[in-house]
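Spelled out from the first residue to the last, the chains are:
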Amino acid sequence: MGLQACLLGLFALILSGKCSYSPEPDQRRTLPPGWVSLGRADPEEELSLTFALRQQNLERLSELVQAVSDPNSPQYVGGLHRFPPTSSLRQRPEPQVTGTVGLHLGVTPSVIRKRYNLTSQDVGSGTSNNSQACAQFLEQYFHDSDLAQFMRLFGGNFAHQASVTRVVGQQGRGRAGIEASLDVQYLMSAGANISTWVYSSPGRHEGQEPFLQWLMLLSNESALPHVHTVSYGDEEDSLSSAYIQRVNTELMKAAARGLTLLFASGDSGAGCWSVSGRHQFRPTFPASSPYVTTVGGTSFQEPFLITNEIVDYISGGGFSNVFPRPSYQEEAVAKFLSSSPHLPPSSYFNASGRAYPDVAALSDGYWVVSNRVPIPWVSGTSASTPVFGGLLSLINEHRILSGRPPLGFLNPRLYQQHGAGLFDVTHGCHASCLDEEVEGQGFCSGPGWDPVTGWGTPNFPALLKTLLNP
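Procedures and definitions
- Residues numbered from 1 in each chain as written.
- Predicted model: local features only at pLDDT ≥ 70, side-chain atom pairs only at ≥ 80, totals over all residues.
- Heavy atoms only, no water.
- UniProt positions renumbered as here; feature names shortened; annotations may be inferred.
- Helix = DSSP H or I, 4+ residues; strand = E, 2+ residues; numbered from the N terminus.
- Buried < 20%, exposed > 50% of the residue type's maximum accessible area, 1.4 Å probe, protein only.
- Contact = heavy atoms within 4.5 Å.
- Areas by Shrake-Rupley, 256 points an atom, 1.4 Å probe, with all protein chains shown as cover.
- Phe/Tyr/Trp six-rings, centres within 6.5 Å; stacked < 30°, edge-to-face > 60°.
- Core = buried A, V, L, I, M, F, W, Y, C linked by side-chain atoms within 4.5 Å.
- Expected span 1.5 Å × (residues − 1).
- Axes fitted to C-alpha atoms, helices over the stretch in contact; angles between N-to-C directions.
- Parallel < 35°, antiparallel > 145°, perpendicular 65-115°, else oblique.
- Left-handed = near helix turned anticlockwise from the far one by under 90°.
- Nonpolar A, V, L, I, M, F, W, Y, C, P; charged D, E, K, R; others polar.
- Patch = residues over 30% accessible without salt bridge, like charges linked within 9 Å, V, L, I, M, F, W, Y side chains within 5 Å.
- Salt bridge = Lys/Arg side-chain N within 4 Å of Asp/Glu carboxyl O.

- The chain has the name Tripeptidyl-peptidase 1 in an unreviewed UniProt entry, where Theropithecus gelada is given as its organism.
- Per UniProt, the chain has the following entry under Function (unreviewed entry): "Lysosomal serine protease with tripeptidyl-peptidase I activity. May act as a non-specific lysosomal peptidase which generates tripeptides from the breakdown products produced by lysosomal proteinases. Requires substrates with an unsubstituted N-terminus."
- Here the chain is described in UniProt, under the heading Subunit (unreviewed entry), as follows: "Monomer. Interacts with CLN5. Interacts with CLN3."

## Remarks on the overall build of the chain
Phase 1: Looking only at helices and strands, one finds 11 helices and 20 strands in the chain.
Phase 2: Each of the 470 residues in the chain was classed as buried or not, and the buried ones make up 53%.
Phase 3: If you take every contact in the chain between residues at least 6 apart in sequence, the share linking residues at least 24 apart comes to 80%.
Phase 4: When the accessible surface of the chain is summed, it comes to about 21500 Å², and 53% of that surface belongs to carbon and sulfur atoms.

## Regarding the packing of aromatic side chains
Phase 1: For the coordinates displayed, the defined rule picks out 23 aromatic pairs.
Phase 2: With a centroid separation of 5.2 Å and an interplanar angle of 70 degrees, the aromatic rings of Phe-137 and Phe-211 are classed as edge-to-face. Remark: Phe-211 occurs in helix H6 (residues 211-219) and Phe-137 occurs in strand E1 (residues 131-137); sequence separation between them is 74 residues.
Phase 3: For Phe-137, a relative accessible area of 0% translates into the label buried.

## A short note on the nonpolar core
Phase 1: Tyr-199, Trp-214, Leu-251, Tyr-366, Phe-388 and Leu-392 are the most contacted members of the largest nonpolar core, which totals 97 residues.
Phase 2: The contact partners of Tyr-199, leaving out residues within four places of it in the chain, are Ala-133, Cys-134, Ala-135, Gln-136, Val-168, Trp-214, Leu-217, Leu-218, Glu-221, Leu-224, Pro-225 and His-228.

## Re the UniProt feature "active site" (unreviewed entry) in the chain
Phase 1: In the UniProt entry, the feature "active site" (unreviewed entry) is given for Glu-179, Asp-183 and Ser-382. For the annotated residues, spread through 204 residues, the largest C-alpha to C-alpha distance comes to 7.2 Å, consistent with a single compact locus.
Phase 2: Position of Asp-183 relative to the elements: it lies in helix H5 (residues 178-190).
Phase 3: Using a relative accessible area of 2% as the deciding quantity, one classes Asp-183 as buried.
Phase 4: Locating Ser-382 in the fold gives a position in helix H9 (residues 381-401).
Phase 5: Accessibility expressed as a relative area gives 6% for Ser-382, which makes it buried.
Phase 6: If sequence neighbours within four positions are ignored, Ser-382 has contacts with Glu-179, Leu-182, Asp-183, Ser-231 and Ala-264.

## Considerations on H5
Phase 1: Here H5 spans 18 Å end to end across 13 residues, near enough to the 18 Å set by a 1.5 Å rise per residue.
Phase 2: Within H5, 12 of the 13 residues are buried, which leaves it mostly tucked inside the rest of the structure.
Phase 3: Taken together, the buried positions of H5 are Glu-179, Ala-180, Ser-181, Leu-182, Asp-183, Val-184, Gln-185, Tyr-186, Leu-187, Met-188, Ser-189 and Ala-190.

## Digging into the packing of H5 against H9
Phase 1: Remark: H5 packs on H9, axes separated minimally by 7 Å, with the N-to-C direction vectors making an angle of 30 degrees. Considering the angle they form, H5 stands roughly parallel to H9. Both H5 and H9 take part in a crossing whose hand is right-handed. Listed contacts from H9 to Glu-179, Leu-182, Asp-183, Tyr-186, Leu-187 and Ala-190 of H5 are Ser-382, Ala-383, Pro-386, Val-387, Gly-389, Gly-390, Leu-391 and Leu-394.
Phase 2: Looking at side-chain class alone, the contact of H5 with H9 contains nine nonpolar, three polar and two charged residues.

## A word on a nonpolar patch on the surface
Phase 1: A cluster of nonpolar side chains, Leu-103, Leu-105, Phe-304 and Trp-377, forms an exposed patch at the surface whose accessible area comes to about 520 Å².
Phase 2: Relative to the assigned elements, Phe-304 resides in the loop between strand E10 (293-300) and strand E11 (309-311).
Phase 3: Judged by relative accessible area, which is 44%, Phe-304 ranks as partly exposed.

## So, helix H11 (residues 460-468)
Phase 1: Within the span of H11, buried status applies to Phe-460, Pro-461, Leu-463, Leu-464, Thr-466 and Leu-467.
Phase 2: Contact partners of the buried residues in H11: H9, helix H10 (411-416), strand E17 (422-423) and strand E20 (457-458).

Listed below in structure tokens is the structure:
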């Protein structure tokens, strides 16, 4: 009898009242720390159960991810893709670099395109086998009417799509959420004129985002968007070890399939919590997973001028307490730790952990339309993440149209190329613990990679040139 049949038979017995299990007192499991028993569930209450089988051969899967994602590997293809037909190929015009000085009254698609040197021709063709997606959680929903109004207000100087191609999951009908509105509007304006999906996963796991539920949706589909952006995350210590590891396994599978997954680095700087009476920085997950590309945040050096960027003090970053440092970032992180003049005391962070973010983009002062109202000064790495994701989708457009596979898991290539195609952000520090030892200062940016802005922010023509080949 198959597993599904066994489970259905067991459920039938339980529901009929012919099967029950009452453990002896010494067999009853104690509640996890912080949990409180509220008694038995109401007989009419619906329960959502997830049965997760123990995963095997994870070391071999990790080796596969490295082999298909490393440009120096003979097995490099960017992931286990389905390649587009050759007949769909055509050459895109070479983008021209524009100036980056001008006034603005808040970040809009035009500001993004000016700062990162995109032209009106840097949009999707509408004919390629290219797509992108974002995920929404915690009962945050976008509205098509908000997206259409946003594009009417801010999308007049570039070709774009004014509606989402597909929603996977449950799309609520209540008021729109600013988070969901921000994600959709800036993914679709940065990755302009590219087919966009939205994955909607309501409900909670351990009181927080049901990341595993979303990843199961991805695993159960054979044809998926190439780039996925997620603007949500939780402190590593707030989730069970078993859950973090299982989610990370699914992220590893996605990387092996050639998906580019981008996660926001968080909006609490290095974070802070107390462990045994001592302050430590508090990393976030899934930003700390070795199998995602994590996006930090920046601000303009001059608040109302489109000029150079500095650290946005809220930009999440640091070192994982769960995942060891992956080999692809060994050189960059070691260089930072040995050369940074402003390192916090070693007791505040795990220097051997996976370090993040990997890249960054503007995260301060965005315009968003939510519930048909234009809202200014929306900030956070929730903004920088869909922007960076949209630009990667444009690069995928060029790759697909020239007969190459999509980028896939980006990090091994990103670190091998030492930030080529990115504006290095070298000024500013992010926030951390308000105590006498670090006085609210976490890590500081500097030349090259750092755990505040990663390798830096996109210079689209240069980044396209860097990532177009092989």
